Amino acid sequence: MREVSQRRVSNAIISEARNVEKQLVTHVPDLVVFDKNPGKIPHVHKFDGVLLFADVSGFTALTEKYTQSSEKGTDALTVTLNAYIGKIVQNILQLGGDILKFAGDAILAVWKVTQRQYLPYAISQAVKCSLAIQDKCGNQVTDVGVKLRVKIAISAGKIFVTFVGNDKRRHFVMAGRPVGEVNAAEKYCAAGLIVLSPNALELSERDNIIFDPLSERFGLLRYLRHDPRKKWHEYIDLPDGNSKVVVDKNIVRIALRLVPNKQREEFIRKYVPDVVKSKVDDNQPLKFLSEMRQCSIVFINMAFDINERDRQFHEKLCQNMQRVFDSVYNSSKDMQGSLNKIFMFDKGCTFLVIYGLPGSKHEEEPAHALQASWRITRTLKKNENVSYVSIGVTTGPVFCGVIGHQERHEYTVIGQKVNLAARLMMHYPGVVSCDRVTFEDSKLSMDLFTELPYKEMKGCTKTQVFQYQEGLQKLVGVTTIVEPEYPILGREIEIKTFMDELMNSMKHQSVGTERRVVIFEADAGYGKSRVMQEIQWRASEKNARVVSFQLALNHAKSPYFTVRTLLELLLGIHGKTDESIRSKALLSATNKEDRILLSVLNDIVGVDFPESDKVSSMTNDERTKKIQGMVVKIVHNVAGSRFTLFALDDAQNIDDQSWKFITALAKDYRALCVLAMRPFSPDRPLHADAKQVIGHLKTIYIKLPGLPSALIGALICQILHVGHIPAALEKFVVLRSHGVPRWCEQLLREILKAGVISIAATTRRRLAERKAKYYSCIEERLIARKTSGRVMYLPDTPFNEQLELKGNSTASTTTFAEEVKECNDVGTTDQDASTMAESEIPVEQTEPKPRSTTQFQATRRVFSSWAEKLPWRKSSTTLMEMLSNQEKEKAKEKSKEKLVDAVEDVDEIVRECRIKPGYDIYDFPVPVSIRAMALARLDRMKQGDQMIAKCAAVIGVNFSRKMLSSVVPQYSRHKFRKSIYQLMRYRVFRCASSTENEESLNWKTEARITHDVSCTCHPPEDQENLSDEEISSRCEQLAFTNSLVQETAYDLWLKSQRQSLHEMCALYLESKVNEIFTTGVTDDVLVTQFRLAKRMATGRNSNGEEDPADPGNNLREGQSRATVSLRSADSTLTSECKVAARRSEQNLTLNVAEEDATTDSDAVEGSSRGARDRRFSSFVIGRINMERVGAHKMTPKPLDLKEEDLPDDFVSADDEKEVAIFLAQAKAMNIRITRTLVPFQASSSLAIESSNHSHLSTHSGRNGHEGKSSSNSITERRMSYSPMWSQSVGLSKSYERLLISTENEARRLNGFQLNKILNSPYELQDVFALLYPRIVHHWKKSSNTQKTIEYLLKAGESCIATLLFTEAQEYLEEASDIIYNLGKRKDIVAKVVEKDDDVDMENVKVMKVDRRVRAQVQSLLGRVFFQKGCREQALKHFIKALRILSCRLPRSRVLIALRLWHENRKQSFHISYPNRYIGAADSGLANRYIDQVRCLSYIWQILLNLPQIPNRIKLAKLVAMMQVNRSEAADDDLQELITSYTYMMQMNQLTGDLHKAALYENKATMRCLDLPMRLTAADLYITGHLHLVSCAIRFCFGKLTHATTSGYRAYNVADMTQDLSMKLYVLPILAQIHLLAGRASATAEVLRRLKSIAETENESDGLSYYYSACMDVLLEAGYQQEPANLCIAYLEQIESCDMGSQDVTRLLLRSIMTLWCSRKQDFIQAKAWLRMAETSLPEFYDNYHAVHAFIRVMESLLIMLRYHIEKFGMKHKDTTQLSSKCRRNLKKLSKLCKKFPVFHPRYMLLKAYHYILADRRTKAREKVTQAATISRYCGNRVDRQYALHSLQLWFSPATIASEDIDYWETHCEDMPDWETASSNEHENRLYSLKLPVNRR
């Protein structure tokens, strides 16, 4: 597979083998191919011929249009250009012409005739060709709306061709009268016209060519009467017959049909540019060369002083052209430029030189272009035959590529910058002129430039023009330090580090000669200069002397320039040319004993002290040491008592001779040296002295990282000088700038230039109204402009004069700081101060700050009662929300008042940025100027290294060494190792294991030499003795140092090549997935690779914290995290990334500055919170993902069930009295019980005799595998009360027998063994969630629609399994969109659209998607929305999936009833005849049934929770029955069948059919025995899910003993599988069971376990249930698990959180607080809580917790009723209304008890209390007695004690002491713990439901 894939990629990358000579011939004219003197240079060739000059208009505008749109790329531009030019070239070649040159957007062609007499025919032929060109290409409109037109000029006569060059490169240039005339004819010609020159008209066939005369004898062609009389091949000068020609009718040019000749090939190669030859030699398509590239363009124009009448004119011209060529070529070549074209027109001779072409790209192109231009100017001016030289230089994006026809084309450049350079050359003669971009980007000294007056130039916008001139020395130092206008962003740590060093040095100056050097290193554009500006200002504020200047590129080659300039600035003689002044200053700064040695400084300082004998006798080393010593002393003397800071910007340009003095400058204890530099390139090795300075242990070395994305918005505001920007602009710049400030500035410059954004003025009042809606929130302090304009003036007088001034200054001793203050005071007027004060009114200061929860709680305590202070409404708003809203409203009003007051005083005008209406900012492409910075690193590498980098770019920003080696074509281990080493040396690659934070502040000496290779994949001690190449070979995880480099490298591939490489990546990842499935073992290297990719995409470091150096860390909200990670391997902002960004922009308000950093686990928790909320909002224990096994790594802690923890639903056989009472009660209830005593093991029951045994199929099970239960120690003989409980609550007679059978099977199931699995399902799914999205990305990029859909579904499934629901939704919606478009015959993956004119739809096959796949997409989308709590959306997708699967649900009541009867009858057949109906479906139908079942299992759960759907209960029953029937009919997926039975248990319990619930529990348990003997984790999880559901249902049935055993089984399964979800389900249920059973120790143990898990896993829901259960213990049992005040505080805090109104957690806490306040008789707050609790009550009660909450509400109402009776009496209106409400709720509760029999005793008790309040004592006694009796039957000890206590209180109050009655109310906040309560039992610790006062 690997070999086949590599072969396919190789075929895509390496074009079909063609003859190299033929490829080279296409780049030169026939004139060169058939040159008769190929070896002679220079020489002149003359002939008669016709010249045709075709100038195309619109190419420049077309280039601009394509570059401004991200939808149109360079490929599209190349196609458009070549399609148009190709038509012109095709006409010329077919009619016998020869293309001489492509001059950008112009073409020069010739018809060379054998004899002069044939010129008329050749002219007619050229006219015929021109007319054909105008007919086909005269007016063509492109797809971007630009018109392309052409104008043509024709001339004829004697033509002279001059060939110049050398052994490596040759050119030819045309001269003669036809050349001048064809150029002159252009000014008479407009687009669409054809003009003939005078000579052409004179030599033409006058009777054949019809024209209109123009001035100066030119003619405007009208038409041609007939074709030329002779065929063109009869008179055109063709090659002689000696050349062998290959016959090929498909080739027009004869030169391409020549038999290959090695000698001719070598000759032709010299005329082809190097950039083209490199591609030809590497067998790479020339399409690679077509690109938008940042280049420096140089046009050189000169005139020769040669008499044209001289007979030797052309020979002399030839010799002069050769000399000029040598000068231009050598100067350009030395500076890495490329001579592209030579023209000879009336303008003279023009050369075009390009800097920045492939292979010679670097960051210093503008500087090299200017320096080479100046060198050329000086050289040419020495040539006596050159009259003048004019050079124009520009820098910017231009189109570079091969333009033309497949048989004739050339490498050329087109663009606005090319035109501007030509205009500068002509409008500014005699000088080297440049544009502003070249001036700024050259980084040369400003003293070399002089601004020139602007001149109007055709087709050019107004721009600044500068003259470049070397030799003039101006001031380069800084004489003033101005306070920065804005605060510095993102450099607080670096600035603090510097200031600490500065203050330490200034404070402890006695350190002596310790060096003090601080180095800031960063790539170009990272803000080094801004840091230097900031530290200079801060140092000057500390009264330090600052000596600083910025080095330029040309200074690196000037010996001693740096140290000389620093000394001049220090001595105050910088710019002083008078030698006497310089000498005096130096003498004043030198000690007397050293003045004899001053001659050693002559060359450095520029003085002329006589050399003493001592100096002359010194060796070079001695002289150098003496100079260093002198420099140290001078610094010491000049500094005096004032600290001095030496600051050098762009220190990489320090000359080699000055490096040794850098340390000397900082050796004085009153000096500190700060350097800001770029990293040194391996091409320019460090000087030994520089290496010593940088690597010294005392040097502080700081690497500047990129800016965090949180600060990009503020940076934009600073750059644009605005106060507010659109959120969309901020997001876009964050994505594009990669955190580099200069790139951000360049991007904004291009956007502003294109008119996409504009700056507008508005008032602060108007801006405040719409700020929050439209604008990003930028902290005011980050963009506050400093309007004071403070300036620190540095002394610019010589040092000796400064000393004289100090000596004469006796009147004042003003310090330097005071002088500065006086200067500032003088410069600030009252008007300025007022303006300053007005501008410093920030809007943000008037807005209220967000308050913490504790602050709100403090505010809450101020109110006497919430009910009196808050406007209660019937809504779901919480107390804390209402209070918060009230506070916010008040704060807003105050804020508005303050803002209005401020605006009334001065309605300040502020600046804001706006995006052009209707423009999508994401369509704006990355400027070429930014990409050029990344391209510079790639271009200077070898082709093999480039290939590795480009292959890595296809994988992504980070990649593993193993994966990269598998996709590299023609892989060679040795070459691959070398390439990786070189790429790491050149900082293209880095070790991905290290984080940016680790590299940002790096104090290690070993890492300071930035081109050294470092790797953190292995411990440092393992790499101590390894070379750099060996270290790089051990690096397993690699990454691009900059994502822009990756994008640029990715763009270098052609589309077909990208597809092939993406396919190879996808196949590699597929093989890894298959390995995981086969072995169960993951590839750690691969997993690490994608974990690093995810970490980089989400902006997190290795500790899971957000990486502040990552420029994109704050963009990745949950809504777009997956898409951004997919984007990492793409070259541009892809369509899916733009969609995600827009979607995120719509859903979220960007507030990058305030975005919280979360860990990876927090992200998972946040993603899963919707699922966990849903889990507790419904009792239906839904389809929990089996892949969640192992999601949380916890230490296994099994929960043991002890004998004393079992409920008391049994009696001892030894207690005869109890047995007698038990049998009497059973007889009274018609229950027949035998006296057979059975051993009780975990949950055995008495044998029950029943005459009506329902049919129950027996199961053989497996002999010898009955396992021991979790309670094997319980062997005491018991007699169960369970039959009496079943009879009392209405359970069927066969229910007990089913329960016994189920328990027996469950004990046997416990004996099964669990397979040892290397990776848990969750761990595998976690890996798949990383791999599948990458596979999707690669298949999509390879245009494979089928595979894309397949892995989108797998990615969605894996994300659902790992609770990444937002990502899953994006993948599945993308798959749905693809399938939808395929239905419309649109393949959006393969980009095949039916309306595409270029596609033959008859031959295009759009794939058809199987309906199972379409149904799976909808089903998975339903699962996502279900887990996110969006039930309506989930239902739509599930129903749509069922329709695709040919399963429709009825809607009408009648149809539902009929279908339900049909499904019930079908189920009865399955029960009666299992062998006939179960598993009866064939394989195809079975698969469809299984798919339907997966949808149906969710639908019935949704229906129960959607009250707006009519007939939902009946429909839910139907759906559940259909689920079971189809599962049994398929019988293909045992796990699915067991799950269906489990759901039927819940469905029947919720609809009140308890017998069927037990039946399906029995069936599910028996089918579990069909599982394999050795259970897998998934099998065990199915059984755990069954135990969990059994526990919940049995608890609701009141079977506490059986529920306890099932709950413990479920917990231990969850503990074994490490499943957190199941634990959080079962522990609250077990706590409630033990609480009702009165088992205090067991309750405490379970609650402690729940708290431990919740706190460890940071589970807020688990903690909520814990504190709710603690309150239940306090309310129900009369002791405390946690202090009451702690529980209340936590519940109130949870109430202030944002949760849905129907959330069970909120319902629980509200009901608890309602009952708590009611029992404490705080009825005002109780009513407030009650109103909110009632709003949270569900319409359909499907869980124990909701019913329990309803009971609490019911009890609170009864307590309030008693209060109303006492206060108002029975007949009061409020009392009667409340009594009626209680009756309604009790009636509702009685219905709920049919589904939840466990609440039957409590219902009886509340009913009795209602009777007692209504003074119906008989009924009350009856009900309370029943409550006490039946609560004992199920072991409900709490309700039994509650009932007995109430019975005594109501009917025998005299037997209870008054303090016992009020015990709970008086001690509720300080109840004893369970241990104290158990040791000192108090019968009346329970709350007393008191009688009204008047009835006691």
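Residues numbered from 1 in each chain as written. Predicted model: local features only at pLDDT ≥ 70, side-chain atom pairs only at ≥ 80, totals over all residues. Heavy atoms only, no water.

Each helix and strand counted, the protein chain has 76 helices and 36 strands in total. Out of the 1896 residues belonging to the protein chain, those deemed buried represent 59%. Looking at the protein chain alone, contacts between residues at least 24 apart form 77% of all its contacts between residues at least 6 apart. Surface accessibility of the protein chain: about 78,000 Å² in total, with carbon and sulfur atoms responsible for 48%. (Helix = DSSP H or I, 4+ residues; strand = E, 2+ residues; numbered from the N terminus. Buried < 20%, exposed > 50% of the residue type's maximum accessible area, 1.4 Å probe, protein only. Contact = heavy atoms within 4.5 Å. Areas by Shrake-Rupley, 256 points an atom, 1.4 Å probe, with all protein chains shown as cover.)

To continue, consider helix H63 (residues 1620-1637). The terminal C-alpha atoms of H63, which comprises 18 residues, lie 26 Å apart, in line with the 26 Å expected from a rise of 1.5 Å per residue. Counting buried positions along H63 gives 18 out of 18 residues, so the element sits mostly inside the fold. Two residues or fewer past H63, Gly 1638 is found with a positive phi of approximately 75°. (Expected span 1.5 Å × (residues − 1).)

It is worth spelling out unusual backbone geometry at this point. Residue Pro 42 follows Ile 41 across a cis peptide bond; omega there is -10°. Position of Pro 42 among the secondary structure elements: in the loop between helix H3 (30-33) and strand S1 (43-57). The phi torsion at His 721 lies on the positive side, around 60°, for a residue other than glycine. Among the structural elements, His 721 can be located in the loop between helix H24 (712-720) and helix H25 (727-737).

Membership of the largest hydrophobic core comes to 312 residues, with the highest contact counts inside it found for Phe 520, Leu 729, Leu 964, Phe 989, Trp 1716 and Trp 1850. Here this core gets 14 residues from one element, more than from any other, and that element is helix H69 (residues 1744-1768). Setting aside its immediate chain neighbours within four residues, Trp 1850 contacts Leu 1805, Ala 1808, Tyr 1809, Ile 1812, Arg 1817, Val 1824, Leu 1889 and Leu 1891. (Core = buried A, V, L, I, M, F, W, Y, C linked by side-chain atoms within 4.5 Å.)

On to helix H60 (residues 1554-1568), then. Compared with an ideal rise of 1.5 Å per residue, which puts 15 residues at 21 Å, H60 spans 21 Å between its outermost C-alpha atoms and is within 8% of the ideal. The element H60 is extensively covered by neighbouring structure, given that 13 of its 15 residues are classed as buried.

Let's shift gears to the environment of Val 150. As for its position among the elements, Val 150 is in strand S5 (residues 147-165). Its relative accessible area of 0% is what places Val 150 among the buried residues. C-alpha separation for the pair Val 150 and Val 56, spaced 94 residues apart in sequence, amounts to 4.3 Å. Once you skip the residues sitting within four places of it in the chain, Val 150 turns out to touch Ala 54, Asp 55, Val 56, Tyr 84, Ile 88, Ile 133, Gln 134, Cys 137, Gly 138, Ala 191, Gly 192 and Leu 193.

Let us now look at the sheet that holds strand S20 (residues 545-550). Spatially, S20-S21-S22-S19-S23 is the arrangement adopted by the 5 strands of the open sheet, whose pairing is parallel. Edge strands, defined here as strands with exactly one partner in the open sheet, are S20 and strand S23 (700-703). Neighbour to neighbour, the strand axes of the sheet diverge by 15° on average, direction disregarded. Pairing of strand S21 (residues 644-649) with strand S22 (residues 671-677) involves 6 bridges; the strand directions are parallel. By the bridge assignment for S22, Phe 646 is matched with Cys 673. Each of S20 and S21 touches helix H17 (residues 561-571); the most contacted strand, S20, lies at about 145° to it. (Pairing = 2+ DSSP bridges. Axes fitted to C-alpha atoms, helices over the stretch in contact; angles between N-to-C directions.)

Attention now moves to the packing of aromatic side chains. Across all of its chains, the model carries 31 aromatic pairs by this definition. Here the guanidinium or amino end of Lys 112 rests over the ring plane of Phe 47, the centre of that ring lying 5.1 Å away. Stacked on the ring of Trp 1864, the Lys or Arg Arg 1719 has its end atom at 5.2 Å from the ring centre. (Phe/Tyr/Trp six-rings, centres within 6.5 Å; stacked < 30°, edge-to-face > 60°. Lys NZ or Arg CZ within 6 Å of the ring centre and 35° of its normal.)

In this structure, Ile 1502 sits in helix H57 (residues 1483-1504). According to the relative accessible area criterion, Ile 1502 is buried, its value standing at 0%. Residues Ile 1502 and Leu 1435, 67 residues apart in the sequence, show an inter-C-alpha distance of 6.9 Å. With residues near it in sequence (within four places) discarded, Ile 1502 still touches Phe 1426, Arg 1431, Ala 1434, Leu 1435 and Phe 1438.

Moving on to the pattern of salt bridges. A full pass over the atoms with the stated rule returns 46 salt bridges. Two residues, Glu 181 and Arg 177, come together in a salt bridge whose shortest N-O distance is 2.7 Å. With Glu 181 and Arg 177 both in helix H7 (residues 177-184), this residue pair falls 4 residues apart, about one helical turn. Assessed through its relative accessible area of 44%, Arg 177 is described here as partly exposed. Glu 1070 is the partner of Lys 1347 in a salt bridge, and the nearest nitrogen-oxygen pair spans 3.2 Å. A residue pair is termed long-range when its members are at least 10 positions apart, and Lys 1347 in helix H51 (residues 1345-1361) and Glu 1070 in helix H42 (residues 1055-1079) qualify at 277 residues. (Salt bridge = Lys/Arg side-chain N within 4 Å of Asp/Glu carboxyl O.)

Moving on to the confidence of the model for the protein chain. Mean pLDDT for the protein chain: 75, with 73% of residues reaching 70 or above. Low pLDDT (under 50) marks residues 12-18, which in the prediction has 15 contacts with non-local residues, meaning those over four places away or in another chain. (pLDDT = per-residue confidence, 0-100.)

Here helix H67 (residues 1704-1719) crosses helix H68 (residues 1723-1736) at 155°, and the two axes come no closer than 8 Å. Here H67 is positioned roughly antiparallel relative to H68, judged by the angle of their axes. Taken as a pair, H67 and H68 cross one another with a handedness that is left-handed. Packed against H67, whose contacting residues are Arg 1706, Leu 1707, Leu 1709, Arg 1710, Ser 1711, Met 1713, Thr 1714, Cys 1717 and Ser 1718, the element H68 presents Phe 1723, Gln 1725, Ala 1726, Trp 1729, Leu 1730, Met 1732, Ala 1733, Thr 1735 and Ser 1736 at the interface. Classifying every residue of the contact of H67 with H68 by side-chain character gives 10 nonpolar, 6 polar and 2 charged. (Parallel < 35°, antiparallel > 145°, perpendicular 65-115°, else oblique. Left-handed = near helix turned anticlockwise from the far one by under 90°. Nonpolar A, V, L, I, M, F, W, Y, C, P; charged D, E, K, R; others polar.)

With that settled, the discussion passes to the sheet that holds strand S27 (residues 958-960). The antiparallel open sheet is built from 3 strands, whose spatial order is S27-S29-S28. Two strands lie at the open edges of the sheet, namely S27 and strand S28 (989-991), each paired on one side alone. Each strand of the sheet is rotated relative to its neighbour by a mean of 35°, with strand direction disregarded. As paired strands, S27 and strand S29 (residues 1037-1040) are joined by 3 bridges and run antiparallel to one another. Across the sheet, Asn 958 pairs through a bridge with Ala 1039, a residue of S29. Across the face of the sheet, helix H38 (residues 973-985) comes into contact with S28 and S29 while running at roughly 90° to S28.

Position of Val 272 relative to the elements: it lies in the loop between helix H9 (262-269) and helix H10 (274-281). Taking the relative accessible area as the measure of exposure, Val 272 reaches 0% and is therefore buried. Sequence separation of Val 272 and Val 25 is 247 residues, and the distance between their C-alpha atoms is 8.9 Å. Apart from residues lying up to four places away in sequence, Val 272 is in contact with Leu 24, His 27, Val 28, Arg 169 and Lys 277.

Interaxial distance between H51 and helix H53 (residues 1411-1427) falls to 11 Å at its minimum, and their mutual angle equals 25°. When the axis of H51 is compared with that of H53, the two are roughly parallel. Like other packed secondary-structure pairs, H51 and H53 cross with a definite hand, here left-handed. Residues Ile 1349, Leu 1353, Glu 1357 and Ile 1360 of H51 form the contact with H53, whose own contacting residues are Val 1413, Gln 1416, Val 1417, Leu 1420, Arg 1423 and Val 1424.

This paragraph deals with the side chain of Ser 612. Among the structural elements, Ser 612 can be located in the loop between helix H19 (602-606) and helix H20 (613-616). Among the residues examined, Ser 612 registers a relative accessible area of 13% and is labelled buried. Look past the residues within four positions of Ser 612 in its chain and what remains in contact with it is Ile 596 and Ser 599.

The next thing to look at is a nonpolar patch on the surface. A contiguous nonpolar patch, built from Val 1454, Leu 1455 and Leu 1458 and spanning about 290 Å² of accessible area, is present on the exposed surface. Within the secondary structure layout, Leu 1458 lies in helix H55 (residues 1453-1472). (Patch = residues over 30% accessible without salt bridge, like charges linked within 9 Å, V, L, I, M, F, W, Y side chains within 5 Å.)

Applying the stated criterion across every chain, the model contains 0 disulfides. With no disulfide of its own, Cys 295 has Cys 400 as its nearest cysteine by sulfur position, at a separation of 3.9 Å. Of the residues examined, Cys 295 reaches a relative accessible area of 0% and is grouped as buried. Cys 1670 takes part in no disulfide bond, and the closest cysteine sulfur, belonging to Cys 1687, lies 4.8 Å away. Look at Cys 1670 and you get buried, because its relative accessible area is 1%. (Disulfide = S-S within 2.5 Å.)

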